[in-house]
Amino acid sequence: MKRILLGTLLALPFAISSLPSQVSAAEIIIRPNVHQVAVVRRPVIARFQRRLIPAHWETVRRGHRWVKVRVPARYANVRV
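Residues numbered from 1 in each chain as written. Predicted model: local features only at pLDDT ≥ 70, side-chain atom pairs only at ≥ 80, totals over all residues. Heavy atoms only, no water.

### Considerations on the overall build of the protein chain
Here comes step 1: Helix and strand content of the protein chain: two helices and four strands.
Here comes step 2: When the elements of the protein chain are put in sequence order from the N terminus, they spell out α-α-β-β-β-β.
Here comes step 3: Taking as baseline every contact in the protein chain between residues at least 6 positions apart, the subset at least 24 positions apart corresponds to 41%.
Here comes step 4: Of the roughly 9,000 Å² of accessible surface on the protein chain, 61% is carried by carbon and sulfur atoms. (Helix = DSSP H or I, 4+ residues; strand = E, 2+ residues; numbered from the N terminus. Contact = heavy atoms within 4.5 Å. Areas by Shrake-Rupley, 256 points an atom, 1.4 Å probe, with all protein chains shown as cover.)

### Concerning the environment of asparagine 77
Here comes step 1: Looking at the secondary structure, you find asparagine 77 in strand β4 (residues 74–79).
Here comes step 2: Residues asparagine 77 and glutamine 49 lie 28 residues apart in sequence; the distance between their C-alpha atoms is 5.5 Å.
Here comes step 3: Asparagine 77 has contacts with Phe48, Gln49 and Arg50, leaving out every residue within four places of it along the chain.

### Some details on the confidence of the model for the protein chain
Here comes step 1: Averaged over all residues, the pLDDT of the protein chain is 79; the fraction at 70 or higher stands at 86%.
Here comes step 2: Predicted confidence in the protein chain is weakest over helix α2 (residues 22–25), with a mean pLDDT of 59, and strongest over strand β3 (residues 63–68), with 89. (pLDDT = per-residue confidence, 0-100.)

### What to know about the pattern of salt bridges
Here comes step 1: Considering all chains together, one arrives at one salt bridge under this definition.
Here comes step 2: For the salt bridge of glutamate 58 with arginine 65, the shortest nitrogen-to-oxygen distance reads 3.7 Å.
Here comes step 3: The class for glutamate 58 is partly exposed, based on a relative accessible area of 30%. (Salt bridge = Lys/Arg side-chain N within 4 Å of Asp/Glu carboxyl O. Buried < 20%, exposed > 50% of the residue type's maximum accessible area, 1.4 Å probe, protein only.)

### As for helix α1 (residues 2–17)
Here comes step 1: Between its first and last C-alpha, α1 extends 24 Å over 16 residues, near the 22 Å set by a 1.5 Å rise per residue.
Here comes step 2: Considering bend angle alone, the principal kink of α1 is centred on alanine 11 and spans about 30°; proline proline 13 follows within four residues of it.
Here comes step 3: Along α1, only zero of the 16 residues are buried, which leaves the element largely exposed. (Expected span 1.5 Å × (residues − 1). Bend = angle between axes of the 7 residues up to and from the residue.)

### Focus: the pairing of β3
Here comes step 1: Note that strand β2 (residues 55–60) and β3 share six bridges and pair antiparallel. Across the sheet, the residue bridging to valine 60 is glycine 63, located in β3.
Here comes step 2: Turn length for the β2-β3 hairpin, with the two strands adjacent in sequence and antiparallel, is two residues. (Pairing = 2+ DSSP bridges.)

See the structure below:
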């Protein structure tokens, strides 16, 4: 009788530790989703418009100056 009682007392801690608990839930490894959503990006079409630039930058002693004149006016492609 004492052997049966002693055996159950020794087996009781092992039985309690084998029960699931919240700590054992942290050991579960969840694999991330393998399938990813494909993002389709449309290319941005650059739109240009030709505009008359009736001035130019001139270098002066104090830096640069925006000079408006008619002769060196030029057309430039300006993004719209």
